[in-house]
Amino acid sequence: GRSKKAASSADLVLFVVDVTSDPEAVRREWELLTLPSARAIGVLTKTDLRGPDAVAFMRSALQGLGISRWVTTSATTGAGLGDAVEEIVDFCKRW
């Protein structure tokens, strides 16, 4: 739909993933977008709901997507939000 069309023409796509999601469902969603991974930053959200092992598992499970830049965030605690902003700014500097 509209999201896929907007993503296909975007210079940067934030691929936001709820860390409590099923990794296979996330993988299928990424494949449906058919975007170059070089234009994407992965954002793992809700990391406060899972321990570090679960976050590491999700990162590992999504490694095959080809997205090289991932940040972990929690809107509840604010953890990682600064890192996400820095990653976006760094991407824009290279663009």
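What this report covers is the structure whose coordinates are included nearby. (Residues numbered from 1 in each chain as written. Predicted model: local features only at pLDDT ≥ 70, side-chain atom pairs only at ≥ 80, totals over all residues. Heavy atoms only, no water.)

Side note on the overall build of the protein chain
Argument step 1. Summing up its helical and strand segments, the protein chain has 4 helices and 3 strands in all.
Argument step 2. Its helices and strands in sequence order give the protein chain the pattern α-β-α-β-α-β-α, from N to C terminus.
Argument step 3. The C-alpha radius of gyration of the protein chain comes to 13 Å, within 12% of the 12 Å expected for a compact globule of 95 residues.
Argument step 4. In terms of its C-alpha atoms, the protein chain occupies a principal-axis envelope of roughly 35 × 30 × 20 Å.
Argument step 5. Taken over 95 residues, the protein chain has a buried fraction of 35%.
Argument step 6. In the form shown here, the protein chain has an accessible surface area of approximately 5800 Å², with 54% of it arising from carbon and sulfur atoms. (Helix = DSSP H or I, 4+ residues; strand = E, 2+ residues; numbered from the N terminus. Rg over C-alpha atoms; globule rule 2.2 N^0.38 Å. Buried < 20%, exposed > 50% of the residue type's maximum accessible area, 1.4 Å probe, protein only. Areas by Shrake-Rupley, 256 points an atom, 1.4 Å probe, with all protein chains shown as cover.)

Looking at helix α3 (residues 52-61)
Argument step 1. Of all the residues in α3, the buried ones are V55, M58 and A61. Axial view of α3: buried residues confined to an arc of 125°, hence all on one face. More than 90 degrees from the buried face of α3, the exposed residues found are P52, D53 and F57. (Arc of directions from axis to C-beta.)

Treat this as a map of the structure, not an account of what it does.
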